[in-house]
Amino acid sequence: MASLLDALDRERLLKDSAAASGLLPKGEPPHVSLLRLCEAGLLVGGLTVGYGVRPDELVGPLTAAMGGAARKLKVVDVRERPALELHVAAGDVTERWEVEDVSALVHNLNDLYRDAADVRAVAVLGEWEDSLQLLCVERRALGRLLRQPFFAPVNARGLQDLVPSR
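A few points on the structure.

Thresholds, definitions, all that
- Residues numbered from 1 in each chain as written.
- Predicted model: local features only at pLDDT ≥ 70, side-chain atom pairs only at ≥ 80, totals over all residues.
- Heavy atoms only, no water.
- Helix = DSSP H or I, 4+ residues; strand = E, 2+ residues; numbered from the N terminus.
- Buried < 20%, exposed > 50% of the residue type's maximum accessible area, 1.4 Å probe, protein only.
- Pairing = 2+ DSSP bridges.
- Axes fitted to C-alpha atoms, helices over the stretch in contact; angles between N-to-C directions.
- 1 Å grid on protein atoms, 1.4 Å probe; cavity = no way out; pocket = protein on both sides within 12 Å on 5 of 7 lines; lining within 4 Å.
- Points joined across faces, edges and corners; volume = space filled by probe spheres on them.
- Nonpolar A, V, L, I, M, F, W, Y, C, P; charged D, E, K, R; others polar.

## Regarding unusual backbone geometry
Working step 1: Of note in the backbone geometry, Arg12 takes a positive phi value of approximately 60° without being a glycine.
Working step 2: As for its placement among the helices and strands, Arg12 is situated in the loop between helix H1 (2–10) and helix H2 (17–23).
Working step 3: The exposure class of Arg12 is exposed, given its relative accessible area of 66%.

Right, dumping it as structure tokens:
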């Protein structure tokens, strides 16, 4: 498991190496260990989202974790029928988003801030312990992480589009 912890440490995503090392069972697949570390609160930028959390309730904590310009996003209105719709304002941009779940919110936020270098991309790591595990990642590290075998986010295809070009 050292390679996973070493890689996370190199990317400055690990909060406490000793605690992380003690938490991971031997022989566990690295992508599962990543979920375990996120749920334990040991990943910088990691968020655990319970199944009952609505997208409109997650906007504040998620945009805070994304940082940069995302912290200034404002939810102007929330409509619940026929589907949950958020009316958001980000600088000069206003949009209406139909967001049926957290993954749709993540997609819309990543898309809105796709050109903002100061905003972390949001990776949907997957489900663990009845919660969705998210990881906000610096864009400069995103390309390296996507090449790691342990980093297999559900939204990998969309994240590939956010990797800065050289």
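## Concerning the sheet that holds strand S4 (residues 93–98)
Working step 1: Across the sheet, 3 strands lie side by side as S2-S3-S4; this open sheet has antiparallel pairing. Looking at the sheet topology across the chains shown, the edges are occupied by strand S2 (74–79) and S4. Strand after strand, the sheet turns through a mean of 20° between neighbouring axes, direction not considered.
Working step 2: Direction of pairing for strand S3 (residues 85–90) relative to S4: antiparallel, over a ladder of 6 bridges.

## Considerations on the layout of surface pockets
Working step 1: Quantified by volume, the largest pocket comes out at close to 270 Å³.
Working step 2: Every residue lining the largest pocket is counted, 13 residues in all, and those nearest its centre are His107, Asn110, Asn155, Gly158 and Leu159.
Working step 3: Of all the secondary structure elements, the ones that give two or more residues to the lining of the largest pocket are helix H5 (102–112) and helix H7 (156–160).
Working step 4: Each residue belonging to the lining of the largest pocket can be placed in one class, and the counts come to 5 nonpolar, 5 polar and 3 charged.

Taken by themselves, the reported measurements are silent on function.
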